[in-house]
Amino acid sequence: MMIIVIEGFDQAGKKTQSKLLSDFLKTQNKKSTIFSFPDYTTPVGKEIKNFLGGKRKFAPQVIHCLLAANRWEKSQDIKNALAKNHVVIMNRYYQSNLVYGTVNGLDLKWLENLDRGLPKENMVILLDVKVSDSFSRKIKKRDRFEKDKTFALKIANTYRKLAKKYHWHIVNASQQKDQVHKQVRDIVSKHIR
Ligand SMILES: Nc1ncnc2c1ncn2[C@@H]1O[C@H](COP(=O)(O)OP(=O)(O)OP(=O)(O)O)[C@@H](O)[C@H]1O
Ligand SMILES: Cc1cn([C@H]2C[C@H](O)[C@@H](COP(=O)(O)O)O2)c(=O)[nH]c1=O
């Protein structure tokens, strides 16, 4: 079957759009499974949560390895969903690591290699949200990677740069939820088998 990755900065609407897409697929008689990364329920996920919440310190190499390891923890589940012919929707996938990792000073090829061998996506949809909208959608409880506006602007620019390089679809996520969904649906409908 196929893997659709929904990407974007904090509060871009990834969870909202993953659910709306899953509901739309149901109307097309297609079953889907949503995976969200990081998955904070796994052993590695718990360490990631501690890091993002400021309870642990890790060097960039370590935290980005952990973020990739967290996907490897779920690789059999992903394969099982694909084997059941489900459309797999990823609320963030390894593309997040490429963006955040390079902004944290790591090498793009090195980051790509951490996830090499995991099921490959068929398409990536970048929800391109204005940093100001991300911040107004969530004021409190921003994690370590989300608090700093300069860092946020670098993330937003790097998303756009890598979208060009890897041919990701870009949707303006500062629009109303239903308008964003319509564009996501149009992109997916063109590719769905
Ligand atoms: N297009 C939109 N316009 C306004 N608000 C939105 C839009 N899409 C989502 N929201 C709201 O923004 C908040 C974050 O949405 P959501 O959880 O879907 O984003 P996310 O990208 O998964 O966030 P995070 O990466 O921080 O977990 C929610 O309160 C949601 O209702
Ligand atoms: C999967 C993944 C995530 N990140 C970063 C991106 C965010 O700052 C956090 C996750 O926060 P969320 O609110 O739960 O979406 O982690 C990353 O750097 N690399 C990754 O692979």
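Residues numbered from 1 in each chain as written. Chains lettered and ligands numbered in written order. Predicted model: local features only at pLDDT ≥ 70, side-chain atom pairs only at ≥ 80, totals over all residues. Heavy atoms only, no water.

What about helix α5 (residues 94-103)?
Consideration 1: Burial analysis of α5 places eight of its ten residues in the buried class, which makes it a mostly covered element.
Consideration 2: Among the structural elements, β1 (3-8), α3 (60-73), α6 (108-114), β4 (123-128) and α8 (149-166) are those in contact with the buried residues of α5.
Consideration 3: Just past α5, the residue glycine 105 takes up positive phi, approximately 90°. (Buried < 20%, exposed > 50% of the residue type's maximum accessible area, 1.4 Å probe, protein only. Helix = DSSP H or I, 4+ residues; strand = E, 2+ residues; numbered from the N terminus. Contact = heavy atoms within 4.5 Å.)

A look at the confidence of the model for the chain
Consideration 1: The share of residues in the chain with pLDDT of 70 or more is 96%, and the mean pLDDT across the chain is 95.
Consideration 2: This complex was scored by the predictor with a pTM of 0.97 and an ipTM of 0.99. (pLDDT = per-residue confidence, 0-100.)

Overview of the packing of helix α2 (residues 43-52) against α3
Consideration 1: It is the contact of α2 with α3, at a shortest axis distance of 8 Å, that shows an interaxial angle of 145°. Handedness of the crossing formed by α2 with α3: left-handed. Residues Pro43, Val44, Gly45, Glu47, Ile48 and Phe51 of α2 pack against Ile63, Leu66, Leu67, Ala69, Asn70 and Glu73 of α3.
Consideration 2: Among the residues making up the contact of α2 with α3, the classes are represented as eight nonpolar, two polar and two charged. (Axes fitted to C-alpha atoms, helices over the stretch in contact; angles between N-to-C directions. Left-handed = near helix turned anticlockwise from the far one by under 90°. Nonpolar A, V, L, I, M, F, W, Y, C, P; charged D, E, K, R; others polar.)

Observations concerning the packing of α5 against α8
Consideration 1: In contact at an axis separation of 9 Å, α5 and α8 are set at 130° when each is read in the N-to-C sense. By the angle class used here, α5 and α8 are oblique. Pair α5 / α8 crosses with right-handed handedness. In this structure, α5 contributes Ser96, Leu98, Val99, Tyr100, Thr102 and Val103 to the contact, and α8 contributes Phe151, Lys154, Ile155, Thr158, Tyr159, Leu162 and Tyr166.
Consideration 2: For the contact of α5 with α8, the class distribution of residues is nine nonpolar, three polar and one charged. (Parallel < 35°, antiparallel > 145°, perpendicular 65-115°, else oblique.)

Remarks on the site of ligand 1
Consideration 1: In the vicinity of ligand 1 lie 13 residues, with Asp10, Lys14, Lys15, Thr16 and Gln175 positioned nearest.
Consideration 2: In this structure, glutamine 11 approaches ligand 1 through a side-chain N or O atom, which is 3.0 Å from an oxygen atom.
Consideration 3: Between alanine 12 and ligand 1, the recorded distance is 3.1 Å, taken from a backbone N or O atom to an oxygen atom.
Consideration 4: Protein chains shield 69% of the accessible area of ligand 1, which is 640 Å² for the free molecule.
Consideration 5: At three residues, the largest contribution of residues to the shell around ligand 1 is made by helix α1 (residues 14-27).
Consideration 6: Of the residues that constitute the shell around ligand 1, the class distribution is two nonpolar, five polar and six charged. (Near = heavy atom within 4 Å. Polar contact = N/O pair within 3.5 Å; in protein donor to acceptor, adjacent residues only side chain to side chain. Areas by Shrake-Rupley, 256 points an atom, 1.4 Å probe, with all protein chains shown as cover.)

Concerning the sheet that holds strand β3 (residues 87-91)
Adjacent strands of a sheet pair through backbone hydrogen bonds, lying either parallel or antiparallel.
Consideration 1: Taken in spatial order, the five strands of this open sheet run β2-β3-β1-β4-β5, and their pairing is parallel. The strands lining the two open edges of the sheet, one partner per strand, are β2 (32-36) and β5 (169-172). Ignoring strand direction, the axes of neighbouring strands in this sheet form an average angle of 20°.
Consideration 2: Sheet strands touched by α8: β1, β4 and β5. Its angle to β4, the strand with the most contacts, is close to 150°. (Pairing = 2+ DSSP bridges.)

Some points on the nonpolar core
Considering soluble globular proteins, one finds that nonpolar side chains tend to be buried as a cluster.
Consideration 1: Counting residues in hydrophobic clusters, the biggest one holds 60 residues, and the most contacted among them are Ile4, Leu21, Met90, Ile125 and Leu127.
Consideration 2: Broken down by element, the residue count for this core peaks at seven residues, all from α8. (Core = buried A, V, L, I, M, F, W, Y, C linked by side-chain atoms within 4.5 Å.)

What to know about the packing of aromatic side chains
Consideration 1: Counted under the stated rule, the structure contains six aromatic pairs.
Consideration 2: Consider the rings of tyrosine 100 and phenylalanine 151, whose centres lie 6.4 Å apart with planes at 50°: the pair is tilted. Separated by 51 residues along the polypeptide, tyrosine 100 in helix α5 and phenylalanine 151 in helix α8 bring together distant segments of the chain. The same class applies to tyrosine 100 as to phenylalanine 151, namely buried. (Phe/Tyr/Trp six-rings, centres within 6.5 Å; stacked < 30°, edge-to-face > 60°.)

Here we look at the site of ligand 2
Consideration 1: Of all residues adjacent to ligand 2, which total 14 residues, the nearest are Tyr40, Arg71, Arg92, Asn97 and Tyr100.
Consideration 2: Interatomic distance of 2.6 Å between a side-chain N/O atom of tyrosine 40 and an oxygen atom of ligand 2.
Consideration 3: Across the complex, the protein chains shield 90% of the 480 Å² of accessible surface that ligand 2 would expose by itself.
Consideration 4: Listed by contribution, the elements that provide at least two residues to the shell around ligand 2 are α3 and α5.
Consideration 5: The residue makeup of the shell around ligand 2, split by class, is seven nonpolar, three polar and four charged.

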